[in-house]
Amino acid sequence: IDGAAQFLESESHLSEKGQARARMIRRACKDVSELIDAFLILGREPKRLCETEAIDVTEVAEEELGKLAPLLDEKPIEIKLEAVAPLRLPVHRKVIEIILSNLCRNAINYSEQGVIRVRVDDKGIRVEDNGCGIDEALIPHVFDRHVRGRGVQKAGEGIGLNIVKRLCDLYDWHIRLANQEGGGVVVAIRMS
């Protein structure tokens, strides 16, 4: 599907609307691929989680944020990476990619403007947005399957945060989600 959409996107006679739809199909293909990777890691490949070589979390974050830039779709949003201290973890790179991708996609989807901050320090990762926040009654359930924030008309099944939580649980990492004073959400994962 991705190959066909890529071919379609390169067609010179395709309208701007058609090219936008081809890009949307390609993003959906990437989302499905990441979901499959997450399920493989969580389900049948637990040994992949025991990597011996530590990965640089800031390096992975830089690459993931670059991949997410097209999702901004002309929104007046800036994504800033704050690398405060080095964080190296003996995990499969895909684990960090999946976590960052899910957290940042949520921040983009639930924000209309402003700055999304991704902070990496020697204790873990923190993602902050200044979007609409989460209904306080929903916060205890955000890591459950099929739970979605209110008011966003984007596609999604509400399983992203559940996958992030399950990955954190595999490594005994502590994840916390809270509304920020003045709006927005902060998700912090303590990894060391």
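Analysis parameters
Residues numbered from 1 in each chain as written. Predicted model: local features only at pLDDT ≥ 70, side-chain atom pairs only at ≥ 80, totals over all residues. Heavy atoms only, no water. Helix = DSSP H or I, 4+ residues; strand = E, 2+ residues; numbered from the N terminus. Contact = heavy atoms within 4.5 Å. Areas by Shrake-Rupley, 256 points an atom, 1.4 Å probe, with all protein chains shown as cover. Salt bridge = Lys/Arg side-chain N within 4 Å of Asp/Glu carboxyl O. Buried < 20%, exposed > 50% of the residue type's maximum accessible area, 1.4 Å probe, protein only. Core = buried A, V, L, I, M, F, W, Y, C linked by side-chain atoms within 4.5 Å. Pairing = 2+ DSSP bridges. Axes fitted to C-alpha atoms, helices over the stretch in contact; angles between N-to-C directions.

Our next topic: the overall build of the protein. The secondary structure content of the protein amounts to five helices and seven strands. Considering only intrachain contacts with a sequence separation of at least 6, the fraction spanning at least 24 residues in the protein is 67%. Accessible area of the protein: about 10,800 Å², with a carbon and sulfur share of 51%.

Before going further, it helps to examine the pattern of salt bridges. The final tally for this structure, using the stated rule, is 10 salt bridges. Residues Arg-117 and Glu-82 are paired through a salt bridge, measuring 3.2 Å at the closest nitrogen-oxygen approach. Of this pair, Arg-117 sits in strand β4 (residues 114-120) while Glu-82 sits in strand β2 (residues 77-83), and the two are 35 residues apart along the sequence. Exposure remark for Arg-117: the relative accessible area of 30% places this residue in the partly exposed category. In this structure Glu-82 comes out as partly exposed when scored by relative accessible area, which is 27%. Connected via shared salt-bridge partners are Glu-59, Glu-63, Arg-93, Lys-94 and Glu-97.

Counting residues in hydrophobic clusters, the biggest one holds 45 residues, and the most contacted among them are Ile-96, Ile-99, Trp-173, Leu-177 and Ile-189. Where this core is concerned, the elements lending two or more residues are α3 (57-68), α4 (93-109), β4, β5 (124-128), α5 (160-170), β6 (174-179) and β7 (185-190). Here the element with the most residues in this core is α4; it accounts for nine residues. Ignoring sequence-local partners within four residues, the contact set of Ile-99 consists of Val-164, Leu-167, Cys-168, Trp-173 and Ile-189.

Glancing now at the sheet that holds β4. Sheet strands line up and pair through hydrogen bonds in the backbone, either parallel or antiparallel. One open sheet holds the five strands; their spatial order is β2-β4-β5-β7-β6, and the pairing between them is mixed. Looking at the sheet topology across the chains shown, the edges are occupied by β2 and β6. Across the sheet, the mean angle separating the axes of adjacent strands is 10 degrees when strand polarity is ignored. Pairing geometry for β5 and β7, over five bridges, is antiparallel. Each bridged residue has a counterpart across the sheet, and for Glu-128 the counterpart in β7 is Val-186. Sitting on the sheet, α3 is in contact with β2, β4 and β5, with an inclination near 170 degrees to β2. Packed onto the sheet, α4 meets β2, β4, β5 and β7 and runs at close to 160 degrees relative to β4.

Turning our eyes to something else, we now look at the pairing of β7. Counting buried positions along β7 gives five out of six residues, so the element sits mostly inside the fold. Linkage of β6 to β7, two consecutive antiparallel strands, is achieved through a turn of five residues, within which Gly-182 is found at a positive phi near 90 degrees.

Along the chain, Ile-116 turns up in strand β4. The exposure class of Ile-116 is buried, given its relative accessible area of 1%. The spacing of Ile-116 and Val-127 is 11 residues in sequence and 7.1 Å in space, taken between C-alpha atoms. Here Ile-116 is in contact with Ile-77, Glu-78, Ile-79, Lys-80, Ala-107, Ile-108, Ser-111, Val-127, Glu-128 and Asp-129, once residues within four sequence places are set aside.

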